Every structure is written in C-alpha cells, then in structure tokens.
Amino acid sequence: DHIFFGRLTTGMLKKKKSMNAKQQLEKVESKKKELDELRGEDAAKADKIEEKDKWSKALDLAKGEKVRDDPKLLRKTIRRDEAQKKKSAREWRDRKQDVADKIKERVDRRNTNLKARADAKKMKKEGKSKKAIARTLKTTKAGPKGGSKGGSKGGSKGGSKGSKARPGFEGKPSRK
C-alpha cells in the first residue's frame, strides 16, 4: 500500500551549460585529443569511453538539450559571431563619425554667421548702405548651397516685417 516514485523529476532546474562557442570548441578538441592519446595506449578503454559519450549525447538529445559537439559547426558559429562583431563595430564607428561631422558642420555655420554679423556691424559703423549690409548677412544665412533655409514658420500678423509674432499676440494689430 506504499507508493514509490523512483526518480520523478518535477520542476527541477536544469544546470545551465556554457554557451560560448570558443570554449565549447576547445572542450571538444581537447576531449578528442585525449581520446586519441588513450586509443594509442588502451584501445578497449577508449572504446568504452566513446560508447559512454555516445549514450550521454543520446540521452541529452532525448531530454531536449542542445548538444554542441560538432567542431565544424562550432567553427562556423565562431566565424559568424566574429563577422557580426566586426559589422557592429563598423556601424558604431560610422554613427560616431556622422555625429562628429554634424557637430563640426553646425560649429562652422555658427562661426560664419557670427563673422557675418560682426562684419555687418562694422559696415553699419562705417556708414555703408542697408542693401550692402543685408547682402552680407543674407549670403551667410543661406549657407554653402545658397537659397533660404525654409519657408516662413509663423504668420506675420502683428509683428514687424520679418519677425514672428509672440504667442498670445497673433491677432492684435501692430503699432507703427
């Protein structure tokens, strides 16, 4: 009337094996080398160990565990991982370079605009015409390609000719 459940495994945690392909490859190659050395000394013992390994591999496969003991596939995995690392590193370098280029471009544009503003101020003090001053400022604001940066962003209600009205004052008439 006593019930005995032999080795019933319910919810036992599996022992995690190392998934590093390089380590797995080294392990497989060293095991193969040891087996070859043992075969030179004692062939019967080597066969016994080989048989035991085959059974353990079959049991692991039956349990649903992954058996990573094929050197060819492990080398392929290592090559794939290395290629992925190289690609990732290259993409990261490119992203960093793009950011650096954009920052440099902005700094250069800022410096040219500041220089143009200073030149315009000097021209104003010297008494140059407003058209000449506007031309100086316009050429730098347009940027290296020429032309304006974009359309006007806000309505021109309530403000002076080129300025944008402040929020909350869009509908009120301007006093001039």
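The preceding data block contains the structure.
If you're wondering where the values come from, they're calculated on a predicted model, not measured in any experiment. (Residues numbered from 1 in each chain as written. Predicted model: local features only at pLDDT ≥ 70, side-chain atom pairs only at ≥ 80, totals over all residues. Heavy atoms only, no water.)

1. Structural notes on the overall build of the chain
Turning to step 1, where the next piece is worked out: When you go through the chain residue by residue, the secondary structure sums to four helices and zero strands.
Turning to step 2, where the next piece is worked out: Helices and strands appear in the chain in the N-to-C order α-α-α-α.
Turning to step 3, where the next piece is worked out: Across the 176 residues that make up the chain, the buried fraction comes to 10%.
Turning to step 4, where the next piece is worked out: Summarising the internal contacts of the chain: among those between residues at least 6 apart in sequence, 43% fall at separations of at least 24.
Turning to step 5, where the next piece is worked out: For the chain, the exposed surface amounts to about 16,700 Å²; the carbon and sulfur share of it is 54%. (Helix = DSSP H or I, 4+ residues; strand = E, 2+ residues; numbered from the N terminus. Buried < 20%, exposed > 50% of the residue type's maximum accessible area, 1.4 Å probe, protein only. Contact = heavy atoms within 4.5 Å. Areas by Shrake-Rupley, 256 points an atom, 1.4 Å probe, with all protein chains shown as cover.)

2. So, the nonpolar core
Nonpolar side chains in soluble globular proteins tend to be buried together.
Turning to step 1, where the next piece is worked out: Counting five residues, the largest nonpolar core is built from Ala-21, Leu-25, Val-28, Leu-74 and Ile-78.
Turning to step 2, where the next piece is worked out: For this core, the elements supplying multiple residues, two or more each, are α1 (21-41) and α3 (71-126).
Turning to step 3, where the next piece is worked out: Per-element accounting of this core gives the leading share, three residues, to α1.
Turning to step 4, where the next piece is worked out: Among all residues touching Ile-78, those that are not within four sequence positions of it are Ala-21, Lys-22 and Leu-25. (Core = buried A, V, L, I, M, F, W, Y, C linked by side-chain atoms within 4.5 Å.)

3. Comments concerning the packing of α1 against α3
To describe two helices that pack against each other, one gives the angle between their axes and the distance between the axes.
Turning to step 1, where the next piece is worked out: Two elements in contact, α1 and α3, have axes separated by 9 Å at closest approach and are oriented at 155°. Comparing the axis directions of α1 and α3 gives the class roughly antiparallel. Regarding α1 and α3, the two cross each other, and that crossing is left-handed. Across from Ala-21, Lys-22, Gln-24, Leu-25, Val-28 and Glu-29 in α1, the residues of α3 making contact are Pro-71, Leu-74, Arg-75, Thr-77, Ile-78 and Glu-82. (Axes fitted to C-alpha atoms, helices over the stretch in contact; angles between N-to-C directions. Parallel < 35°, antiparallel > 145°, perpendicular 65-115°, else oblique. Left-handed = near helix turned anticlockwise from the far one by under 90°.)

4. Some remarks on α3
Turning to step 1, where the next piece is worked out: Taking 1.5 Å of rise per residue, 56 residues should cover 82 Å, and α3 covers 82 Å from first to last C-alpha, within 8% of that figure.
Turning to step 2, where the next piece is worked out: Listed in full, the buried residues belonging to α3 are Leu-74, Thr-77, Ile-78, Ala-116, Ala-120 and Met-123. (Expected span 1.5 Å × (residues − 1).)

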